[in-house]
Amino acid sequence: EALLDDRKVMTKSSSVDLVTQTDQKVEQLIIQSVKEKFPTHRFIGEESVAAGEPCILTDDPTWIVDPIDGTTNFVHAGCRAVTWYSAVRSLLPQMEFGVVFSCLEDKMFTARRGSGAFCNGEPLQVSGQKDIQRSIIATEFGSNRDPEVVDKMFSSLRNVLCIPVHGMRGAGTAAINMCLVASGCVEAYYEIGMHVWDLAASSLIVSEAGGVLMDVEGGAADLMSRRIVAANNRTIAERIVKEIHPFAPPRDDAPPLQQ
Ligand SMILES: O=P([O-])([O-])O[C@@H]1[C@H](O)[C@H](O)[C@@H](O)[C@H](O)[C@H]1O
Ligand SMILES: [Mg+2]
Ligand SMILES: [Mg+2]
């Protein structure tokens, strides 16, 4: 409890959707320092959106910022990852680069479109495994505790586990789970309920490391849809899609509800 007090924990969409002053300060720091260099660029920041800023991509260069991914880990044990990335929207949003910093491991994951993905400068490559029965799959439970939603998450978890797979893992941060896919440590990660700022940077890191991104029902991945399967290859992604009990949370770019 002392830890919780020290970190000035507040809640957002639910009593388990945590935010601290550190999240807010880191986001301000990142946005202010980028603004100094690029005054015309736009931002989508997790804590700015929580404070009422819009979450829409336009044709302007836009930086998508998750100041601390894994705030629950941070609150409990000081583990965290910091992630941010830039997107330029043409007809489809096109990611230009992605950066995820794992403070705990002192690992900087980076990717630039068309130039590969790296960890502390070393090139990353996804796992070559094609057999799901020899795979490790990562997932998370997010912050929705509605029993119907939890039942669907458990049904997917059970189905994937009973394929059977070698194991299931969860780092407590979507961004690091995705970097684990890019590094070849796990074959895939899936989740329904995370947000565009959880995935933005790491989605480019996964694809530049040779991985694939897919919607949980098998179509093209849509970073605003709050659903993702990120895998080392299409065979593994499609096998996971078969086992997921899909549902559709409100999109990140949905217009705010009328009061
Ligand atoms: O709130 P936050 O710690 O930045 O991000 C959360 C983490 O990535 C968590 O692992 C995932 O399950 C949630 O869906 C995310 O919202
Ligand atoms: Mg996050
Ligand atoms: Mg966050």
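Thresholds, definitions, all that
Residues numbered from 1 in each chain as written. Chains lettered and ligands numbered in written order. Predicted model: local features only at pLDDT ≥ 70, side-chain atom pairs only at ≥ 80, totals over all residues. Heavy atoms only, no water. UniProt positions renumbered as here; feature names shortened; annotations may be inferred. Donors = N, O, S within 2.8 Å, 3.2 Å for Na, K, Ca; no water. Helix = DSSP H or I, 4+ residues; strand = E, 2+ residues; numbered from the N terminus. Buried < 20%, exposed > 50% of the residue type's maximum accessible area, 1.4 Å probe, protein only. Core = buried A, V, L, I, M, F, W, Y, C linked by side-chain atoms within 4.5 Å. Domains from an automatic or database assignment. Contact = heavy atoms within 4.5 Å. Near = heavy atom within 4 Å. Polar contact = N/O pair within 3.5 Å; in protein donor to acceptor, adjacent residues only side chain to side chain. Areas by Shrake-Rupley, 256 points an atom, 1.4 Å probe, with all protein chains shown as cover. Pairing = 2+ DSSP bridges. Axes fitted to C-alpha atoms, helices over the stretch in contact; angles between N-to-C directions. Arc of directions from axis to C-beta.

Going by the annotation in an unreviewed UniProt entry, the name recorded for the protein is Inositol-1-monophosphatase, with Mola mola given as the source organism. Taken from UniProt, the Subcellular location (unreviewed entry) comment for the protein reads in full: "Cytoplasm". In its Pathway (unreviewed entry) section, the UniProt record describing the protein reads: "Polyol metabolism; myo-inositol biosynthesis; myo-inositol from D-glucose 6-phosphate: step 2/2."

**Q** For the coordination of the magnesium ion (ligand 2), give the residues involved together with the corresponding values.
**A** Tetrahedral metal sites with four donors have an ideal angle of 109.5 degrees; octahedral sites with six donors have ideal angles of 90 or 180 degrees. Protein ligation of the magnesium ion (ligand 2) involves D66 (OD), D69 (OD) and D198 (OD), the donor distances falling in the range 1.9 to 2.0 Å. The distance between the magnesium ion (ligand 2) and the magnesium ion (ligand 3) comes to 3.4 Å, with D66 serving as a donor to both metals. Of this pair, D69 sits in strand β4 (residues 62-69) while D198 sits in helix α7 (residues 196-208); the two residues are 129 residues apart in sequence, bridging distant segments of the chain. Using a relative accessible area of 5% as the deciding quantity, one classes D69 as buried. With relative accessibility at 9%, the residue D198 sits in the buried group.

**Q** Break down the nonpolar core for me, with residues and values.
**A** Taken as a class, soluble globular proteins show a tendency for nonpolar side chains to be buried jointly. Formed by 36 residues in total, the largest nonpolar core has its most connected members in V100, F109, L124, Y189 and I205. Residue assignment for this core shows that the elements contributing at least two residues are β6 (93-102), β7 (107-112), β8 (117-119), α6 (174-183), α7 and β14 (227-231). For this core, the element with the most residues is α7, which contributes 8 residues. Each of domain 1 (2-123) and domain 2 (132-243) contributes no fewer than three residues to this core. With residues up to four places along the chain from it excluded, the contact list for L124 reads F109, A117, F118, C119, A182, S183, I205 and A209. The next biggest cluster of nonpolar side chains, apart from the first, holds 23 residues, and it includes I137, V165, A231 and V241.

**Q** Describe the site of ligand 1, listing the residues and the values that go with them.
**A** Around ligand 1 lies a shell of 14 residues, among which D69, G70, T71, A174 and E191 are the nearest. Measuring from an oxygen atom of ligand 1, one finds a side-chain N or O atom of E46 at 3.1 Å. Within the side chain of D69, one N or O atom sits 2.7 Å away from an oxygen atom of ligand 1. Within the complex, 89% of the 380 Å² of free accessible area of ligand 1 lies under protein. Among the elements that line the shell around ligand 1, the one with the most residues is β4, at 3 residues.

**Q** So, the sheet that holds β14: which residues are in play, and what are the values?
**A** Ordered by their spatial adjacency, 5 strands build an open sheet running β11-β10-β12-β14-β13, and the pairing between neighbours is mixed. Of all the strands in the sheet, the pair left with one neighbour each is β11 (167-169) and β13 (212-214). Taking the axes of each pair of neighbouring strands and ignoring which way they run, one obtains an average angle of 20° across the sheet.

**Q** I'd like to hear about helix α8 (residues 234-243), residue by residue, with values.
**A** Residues of α8 that are buried: I236, A237, I240, V241 and E243. End-on, the buried residues of α8 take up no more than an arc of 160°, which puts them together on one face. Here the buried face of α8 lies against β10 (136-139), α5 (147-161), β12 (188-192), β13 and β14. Residue N233 occupies the N-cap position of α8, its side-chain oxygen lying 3.2 Å from the main-chain nitrogen of T235.

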